[in-house]
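Listed here are the chains, written in short residue letters.
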Amino acid sequence: MFDTLSDRLTSALQTLTRKGKLSDADIDATAREIRIALLEADVALAVVKEFIAKVKERAKGAEVSAALNPAQQVIKIVNEELVTILGGETRRLNLAKNPPTVIMLAGLQGAGKTTLAGKLAMHLKKQGHAPLLVACDLQRPNAVTQLQVVGERAGVTTFAPEPGNGVGDPVDVARRAIEEAKHAQHDIVLVDTAGRLGVDEELMKQAADIRDAVTPDEILFVVDAMIGQDAVNTAEAFRDGVGFTGVVLTKLDGDARGGAALSVRQVTGQPILFASNGEKLEDFDVFHPDRMASRILG
Ligand code: GDP
């Protein structure tokens, strides 16, 4: 996903390596190239501006270092600022003191929520947890079956409304699922919710009703990193309509420009917890800002 951005940043920084000493003009010229590279990768303008201002300020004020030449120093600063916009430290899941921990997934249809539910369930199971998947996406035909299928693949139980009872009420399903989790000793409940093709009020209200009914320990906003600048707008709409405590980036295996991944933390103020990078259940990982920054810098 970050190939073009990586190439651009590397070449912007490479011009510096030939210089023994950096003038403010050198730093400004490099900063300009980095700015263009980030904007072309679809990183949100506000994020780019803040990033460039910090890099310039730090690079110009950098002490002469015995260990690093001036170019290495700038590269180190760019790397550190990338880690910062990606969230700094790795943020782990908040687990409830009194199980079950309730994790609700929200996002647009097609973002990869259902797939992610299976991936996260498998990840948690490997860590010794006993997750229960809950099918609260009762809008999209086949969403319940799809969740049951990923649940089976992940080797975890799925709680779903009984067939033949009409569409059903997702809030009621969520409530009953929590009872079931307590009864059957599931320590984590993963609630998959409905997503529409675009942000709409009904969707937000339904997600907010489920939230109010089950008071989640985490609400994870699942966002397709391929949708570019739209990711930021969607994130803002979900933040205002439902609220969330963390972000999951999906489809990082795609060939989009990756700006969404670099903007969403800074714009929403919420950390990225996980990354999905493929259709298989194994294509999933905890999100590490430092590793992602290294990957971007090549
Ligand atoms: P939902 O509507 O949010 O529940 O989305 P789904 O989980 O049904 O995913 C929508 C489509 O994206 C499916 O075809 C998935 O196989 C695919 N998908 C999900 N996550 C990823 C990912 O990380 N990478 C790729 N390439 N495809 C994904």
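Please read all numbers here as calculations on a predicted model, not as lab measurements.

## A look at the site of the ligand
Taken together, 17 residues surround the ligand, and among them Gly110, Lys113, Thr114, Thr115 and Glu279 come closest. One nitrogen or oxygen atom from the main chain of Gly112 is found 2.9 Å from an oxygen atom belonging to the ligand. In isolation the ligand has 570 Å² of accessible area, and contact with the protein removes 80% of it. Among the elements that make up the shell around the ligand, the one with the highest residue count is helix H5 (residues 113-126) (4 residues). Broken down by class, the residue content of the shell around the ligand amounts to 2 nonpolar, 9 polar and 6 charged.

## Here we look at the UniProt feature "domain: SRP54-type proteins GTP-binding" (unreviewed entry) in the protein chain
As recorded in UniProt, the sites labelled "domain: SRP54-type proteins GTP-binding" (unreviewed entry) are residues 271-284. When the span residues 271-284 is considered, its composition is 0% helix and 43% strand, and the gap between its end C-alpha atoms is 17 Å.

## Focus on unusual backbone geometry
With an omega of 5°, the peptide bond running from Pro99 to Pro100 counts as cis. Even without being glycine, Thr215 reaches a positive phi, approximately 30°. Mapped onto the elements of the fold, Thr215 is located in the loop between helix H8 (201-214) and strand S5 (218-224). Exposure remark for Thr215: the relative accessible area of 60% places this residue in the exposed category. Even without a glycine there, the phi angle at Lys251 is positive, about 60°. Topologically, Lys251 is positioned in the loop between strand S6 (246-250) and helix H10 (259-268).

## Section: the side chain of Lys119
Summarising the element assignment, Lys119 is placed in helix H5. Of the buried charged residues, Lys119 lacks a salt bridge, with Asp283 as the closest side chain of opposite charge at 5.3 Å. What Lys119 contacts, discounting residues up to four positions off in sequence, is Ser276, Asn277, Gly278, Lys280, Leu281, Asp283 and Phe284.

## Here we look at the side chain of Thr114
By the element assignment, Thr114 lies in helix H5. For Thr114, a relative accessible area of 4% gives the class buried. A distance of 3.1 Å separates a polar atom in the side chain of Thr114 from a polar atom in the side chain of Asp192. Among residues more than four places away in sequence, those in contact with Thr114 are Arg140, Ala143, Gln146, Leu147, Val150 and Asp192.

## A look at the sheet that holds S5
Taken together, 8 strands build an open sheet; the order of strands is S3-S2-S4-S1-S5-S6-S7-S8 and the sheet is mixed. Lying at the two open borders of the sheet, with one neighbouring strand each, are strand S3 (157-159) and strand S8 (284-286). Adjacent strand axes in the sheet meet at a mean angle of 25° when their direction is disregarded. Against the sheet, helix H6 (residues 143-154) contacts strand S2 (131-136), S3 and strand S4 (188-193), and its axis sits at roughly 165° relative to S2. Relative to strand S1 (residues 101-106), H8 is tilted by about 180°, and along the sheet it contacts S1, S2, S4 and S5.

## Notes on the pairing of S4
Of all 6 residues in S4, 6 are buried, a share of seventy percent or more. Because side chains alternate across S4, one face comprises the buried residues Ile188, Leu190 and Asp192, and the other comprises Val189, Val191 and Thr193, equally buried. Two elements, S1 and S4, share 5 bridges in a ladder whose sense is parallel. Each residue of the ladder has a partner; that of Val102, found in S4, is Val189. The pairing of S2 with S4 spans 6 bridges and is parallel. Note that in S4 the partner of Leu133 across the bridge is Leu190.

## Focus on the packing of H8 against helix H9 (residues 229-241)
Contact geometry of H8 with H9 gives a least axis separation of 10 Å together with a crossing angle of 50°. When the axes of H8 and H9 are compared, the pair comes out oblique. Along this stretch, H8 crosses H9, giving a crossing that reads as right-handed. Between H8, through Leu203, Met204, Ala208 and Arg211, and H9, the contact on the second element is made entirely by Ala237, Phe238 and Gly241. Grouping the amino acids of the contact of H8 with H9 by side-chain chemistry returns 5 nonpolar, 1 polar and 1 charged.

Conventions adopted
- Residues numbered from 1 in each chain as written.
- Predicted model: local features only at pLDDT ≥ 70, side-chain atom pairs only at ≥ 80, totals over all residues.
- Heavy atoms only, no water.
- Near = heavy atom within 4 Å.
- Polar contact = N/O pair within 3.5 Å; in protein donor to acceptor, adjacent residues only side chain to side chain.
- Areas by Shrake-Rupley, 256 points an atom, 1.4 Å probe, with all protein chains shown as cover.
- Helix = DSSP H or I, 4+ residues; strand = E, 2+ residues; numbered from the N terminus.
- Nonpolar A, V, L, I, M, F, W, Y, C, P; charged D, E, K, R; others polar.
- UniProt positions renumbered as here; feature names shortened; annotations may be inferred.
- Buried < 20%, exposed > 50% of the residue type's maximum accessible area, 1.4 Å probe, protein only.
- Lys, Arg positive; Asp, Glu negative; His and termini not counted.
- Salt bridge = Lys/Arg side-chain N within 4 Å of Asp/Glu carboxyl O.
- Contact = heavy atoms within 4.5 Å.
- Pairing = 2+ DSSP bridges.
- Axes fitted to C-alpha atoms, helices over the stretch in contact; angles between N-to-C directions.
- Parallel < 35°, antiparallel > 145°, perpendicular 65-115°, else oblique.
- Left-handed = near helix turned anticlockwise from the far one by under 90°.

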